[in-house]
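Structural overview
Below are the chains, spelled out letter by letter.
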Amino acid sequence: MGVRCSKFSMCWIQSHHLKASVLESYDLAENNGSDEKSEWPSFTEFSLDQLKAATSGFSSDNIVSEHGEKAPNVVYKGKLDDDRLIAVKRFNRTAWPDSRQFLEEARLVGSLRSERLANLIGCCCEGEEKLLVAEFMPHETLAKHLFHWENQPMKWAMRLRVALHLAQALEYCSSKGRALYHDLNAYRVLFDKDGNPTLSCFGLMKNSRDGKSYSTNLAFTPPEYLRTGRVTQESVVYSFGTLLLDLLSGKHIPPSHGLDLIRGKNYMMLMDSALEGHFSKDDGTELVRLASRCLQYEPRERPNAKSIVTSLLLLQKEVEVPSHVLMDIPQETESSTQQVLLSPFGEACLRGDLTAIHGILSKVGYKDDEGIANELSFQMWTNQMQETLNSKKRGDTAFRAKDFAAAIESYTQFIDGDTMVSPTVYARRCLSYLMSDLAQEALGDAMQAQVISPGWPTASYLQASSLFKLGMETDAQETLKDGTELEAKRNKNLKV
């Protein structure tokens, strides 16, 4: 059975050039990175009802981890009436006991506007509820792309761009009187729709009862903070230095270990092995030197944000290549976004986020198998049937534990038993194949699931994921559209 194709093709990828060359980036930095844009919304005080509607009543399905927040604070993805996507941070109820202080802080941070920030566009303060509303960044965190990548490691040129954008964000904030940033880390760096790195605005709020200014891992905490408990501009530079180590190594390593390697002139041991042959020794040395300066024990010996920007501008590579190309992120055009509004499953397929797909399949379980007839002989109800069911159970256990090799083996035993028909088993084995870099086998399972259940959107979504893996972009886009239309039709029927 071949893959169905048609003339229709969603134009996810759009030619898009960087908005600034190195010289223009320097101008941006010199002008405090404001780059004010008229389309940026003014700061708004939302009602609780508005934010409830935007997040489907703060549904757990809308919880996102992309904005670097940890419990007890939660961040939700939401959509306003004008279709703008937003990130809504909902504070623990013991945080911000002084409502006036919360509103004052939110308004001050909300006055900032920069392309280098995931800007704060509003807040809500009703009763015990305190919420912040920011621009939604759809392409997750630096931690995800740097530490937990699936398809390819972050390119050297992109790592340099992340460092520059982050430094420019800090310099801009400093110029606007907001130099203090709390708990700067790889989870606070987010990627916008074009794949450009931005800094979450949430860390700019002055600390309250929602937690400490730094994580509990003392190995990454500025030494002076351990002595005084206060965040200073120099503390932020120290944290920036830890991020440079992250970018160099591809790991979250303690600064003390990184500095030991640097002092011992073993900095090549610090470098991410996935980058071997993709950067010059001189460039690596310069970035290592900058990280070392930022991590000096004495705060006065660390550089300021402006000098960091100047140093990083000289290191930039491939400045004319758009970020979404360096990040291998498909581009959505305005027209395609209007034509097809992707569900969380569709978005995960488009991003190639197999972990998110695993979470969706695990959560849904076997409810989509209901109503599928299985004619079984008397023999099948006895020993053969029991062994078949045991194979499925073993497969499910392995699938939940993310032991995908074992899942493939057990699901194959179930399918070869030829006693029951289950599109969900094919779907789960399909994803297990994808997780094991067996895209052709995955495509076969996704198509078989569609044969069994022709109107099942999951089968189309998994076909799209397999086709993306195989580099069949046009067919993948077509099948993703099919899945989206099937899901929309299904949801409409459920409401009737």
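Everything that follows concerns the structure shown earlier in this document.
About the criteria used
- Residues numbered from 1 in each chain as written.
- Predicted model: local features only at pLDDT ≥ 70, side-chain atom pairs only at ≥ 80, totals over all residues.
- Heavy atoms only, no water.
- Pairing = 2+ DSSP bridges.
- Helix = DSSP H or I, 4+ residues; strand = E, 2+ residues; numbered from the N terminus.
- Contact = heavy atoms within 4.5 Å.
- Axes fitted to C-alpha atoms, helices over the stretch in contact; angles between N-to-C directions.
- 1 Å grid on protein atoms, 1.4 Å probe; cavity = no way out; pocket = protein on both sides within 12 Å on 5 of 7 lines; lining within 4 Å.
- Points joined across faces, edges and corners; volume = space filled by probe spheres on them.
- Nonpolar A, V, L, I, M, F, W, Y, C, P; charged D, E, K, R; others polar.
- Phe/Tyr/Trp six-rings, centres within 6.5 Å; stacked < 30°, edge-to-face > 60°.
- Buried < 20%, exposed > 50% of the residue type's maximum accessible area, 1.4 Å probe, protein only.
- Lys NZ or Arg CZ within 6 Å of the ring centre and 35° of its normal.

The next subject is the sheet that holds strand 4 (residues 85-90). Overall, mixed pairing links the six strands, which are arranged 1-6-7-4-3-2 in an open sheet. The sheet is open, and its two edges are formed by strand 1 (44-45) and strand 2 (63-64), each paired on a single side. In this sheet, strand 4 lies alongside strand 3 (residues 74-79) in antiparallel orientation, the contact comprising six bridges. Paired with Lys77 across the bridge in strand 4 is Ala87. Strands in contact with helix 3 (residues 99-110) are strand 1, strand 6 (120-126) and strand 7 (129-135); relative to strand 6, the strand with the most contacts, it is inclined by about 170 degrees.

For the rest of this paragraph, the subject is empty space enclosed by the protein. Applying the stated rule across the entire model yields two cavities of 30 Å³ or more. Its boundaries defined by the atoms lining it, the largest cavity holds a volume of some 60 Å³. Leu361, Val364, Gly365, Asp368, Thr424, Ala427, Arg428, Trp456 and Thr458 together form the lining of the largest cavity. At the level of secondary structure, the elements contributing two or more residues to the lining of the largest cavity comprise helix 15 (354-364) and helix 18 (423-435). The biggest single contributor to the lining of the largest cavity is helix 18, with three residues. Here the residues of the lining of the largest cavity are counted per class, giving four nonpolar, three polar and two charged. Considered as a void within the structure, the second largest cavity measures approximately 30 Å³ in volume. For the lining of the second largest cavity, the secondary-structure elements that each account for two or more residues are helix 5 (156-175) and strand 9 (197-200). Here the residues of the lining of the second largest cavity sort into five nonpolar, two polar and no charged.

This next bit is on the packing of aromatic side chains. Each aromatic ring pair is summarised here by two numbers: the centre-to-centre distance and the angle between the ring planes. The final tally for this structure, using the stated rule, is seven aromatic pairs. On the numbers, 6.2 Å between centres and 80 degrees between planes, the contact of Phe399 with Phe404 is edge-to-face. Exposure remark for Phe399: the relative accessible area of 0% places this residue in the buried category. Ring pairs connect the aromatic residues Phe91, Trp96 and Phe102, which therefore count as one cluster. Stacked on the ring of Phe58, the Lys or Arg Arg90 has its end atom at 4.2 Å from the ring centre.

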